[in-house]
Structures are given as structure tokens and as C-alpha cells.
Amino acid sequence: MIKTSELKAKEIINVSNGQRLGMIEDIDIDLAAGKINGIIVPKEEKVLKLFRENNNLYISWSNIEKIGEDVILVTINDGLEQSNT
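As the structure is a computational prediction, the values presented were derived from the model and not from experiment.

(A) Up close: the overall build of the protein chain. For the protein chain, the helix and strand inventory stands at 2 helices and 8 strands. Along the protein chain, helices (α) and strands (β) appear in the sequence α-β-β-β-β-α-β-β-β-β when read from the amino end. The proportion of buried residues among the 85 residues of the protein chain is 28%. In the protein chain, of all internal contacts separated by at least 6 residues, the share reaching a separation of at least 24 is 40%. In the form shown here, the protein chain has an accessible surface area of approximately 5800 Å², with 49% of it arising from carbon and sulfur atoms.

(B) Structural view of the pairing of strand β4 (residues 35-42). By the bridge criterion, 5 bridges tie strand β3 (residues 26-30) to β4 in an arrangement that is antiparallel. The residue bridging Asp30 from the neighbouring strand is Lys35, located in β4. Hairpin connection of β3 to β4: 4 residues between the antiparallel strands, including Gly34 at a positive phi of 70°. Relative to strand β5 (residues 56-60), β4 runs antiparallel, the two sharing 5 bridges. Looking across to β5, one finds that Ile39 is bridged to Ile59.

(C) Just the pattern of salt bridges, in detail. Tallied over the full model, the rule gives 1 salt bridge. With a shortest N-O distance of 3.8 Å, Arg20 and Glu11 are connected by a salt bridge.

(D) Representation of the side chain of Asn14 within the structure. Looking at the secondary structure, you find Asn14 in strand β1 (residues 11-14). Within the local environment of Asn14, its side chain forms a polar contact with the backbone nitrogen of Ser16, the two atoms lying 3.0 Å apart. Beyond its immediate sequence surroundings of up to four residues, Asn14 is in contact with Gln19, Leu21, Val74, Thr75 and Ile76.

(E) Structural context of a nonpolar patch on the surface. A grouping of Ile2, Trp61 and Ile67 is seen on the molecular surface, where their side chains present a nonpolar patch of about 230 Å² in accessible area. If you trace the backbone, Trp61 turns up in the loop between β5 and β6 (64-67).

(F) Molecular detail of the environment of Lys66. By the secondary structure assignment, Lys66 is in strand β6. For Lys66, a relative accessible area of 52% corresponds to the exposed category. When neighbours within four sequence positions are excluded, Lys66 is seen to be in contact with Val71, Ile72 and Leu73.

Cut-offs and rules
Position labels on residues start from 1 in each chain and follow its written sequence. Given that the model is predicted, a residue must reach a pLDDT of at least 70 before its local features are reported, and side-chain atom pairs must reach 80 or more before they are shown or counted; all residues, however, enter totals for whole chains, interfaces and linings. To get the side-chain values, take all heavy atoms of the structure and skip hydrogens and water. Each helix is a run of DSSP H or I of at least 4 residues and each strand a run of E of at least 2, with the numbering of both proceeding from the N terminus. Per-residue accessibility, obtained with a 1.4 Å probe over protein chains only, is compared with the maximum for each type, and a residue is labelled buried under 20%, exposed over 50%, and partly exposed between these values. Throughout, a residue-residue contact means that at least one pair of heavy atoms, one from each residue, lies within 4.5 Å. Calculation of accessible area relied on Shrake-Rupley with a 1.4 Å probe; when residues are assessed, cover is drawn exclusively from the protein chains displayed. Note on pairing: DSSP must find at least two bridges between two strands before they are called paired. Salt bridges, as used here, are contacts in which a Lys or Arg side-chain nitrogen is within 4 Å of a carboxyl oxygen on Asp or Glu. The term polar contact refers here to a pair of N or O atoms within 3.5 Å; inside protein, the definition further demands a hydrogen-donor-capable atom paired with an acceptor-capable atom, and it admits residues adjacent in sequence only when both atoms are side-chain atoms. Excluding any residue in a salt bridge, patches collect residues exceeding 30% relative accessible area, merging like charges within 9 Å and nonpolar Val, Leu, Ile, Met, Phe, Trp and Tyr side chains within 5 Å.

Rendered as C-alpha cells:
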């Protein structure tokens, strides 16, 4: 079993294009069903967030291919979901 704090310490990599997406900022959990729906990754550096609208990437749990020791591999095409959380 993996803790959410351990998930947040892993870097997210898109295997479709090799792009580093960053680290997990938040996790969307359905407590009633006891499952993770997705993860939220900041779209830009935290320093820039002070001056910009809160723009994040929402990655559905179904897009996660593999959780490794240091990274989480996801498959995302160009149509990335955006979240204003």
C-alpha cells in the first residue's frame, strides 16, 4: 500500500511525449467509494502562481500507467484536462 504523502513526492512524466509535468499538488479522492479519481498537477512554477490564475492539470486515475519508486508514468494526449482548483 502507498501513502498519499509518498505519491506527492513522485514526479509525473507523460510517456506520450516524455514531458515532465511536475509533482502532485492535490489528489481527488472519492471517500464514499474508497478510490482515487485523479491527481492535480500545477501547470506552472509555484513562483509564477502568485501572479497568475490558478491553472492546474487534472489527470484521471485511468491515465496512470505505472507508479514507480521515483516517478509516476501517465499517458496523456494533447487534450489535457484543466482544473481551476
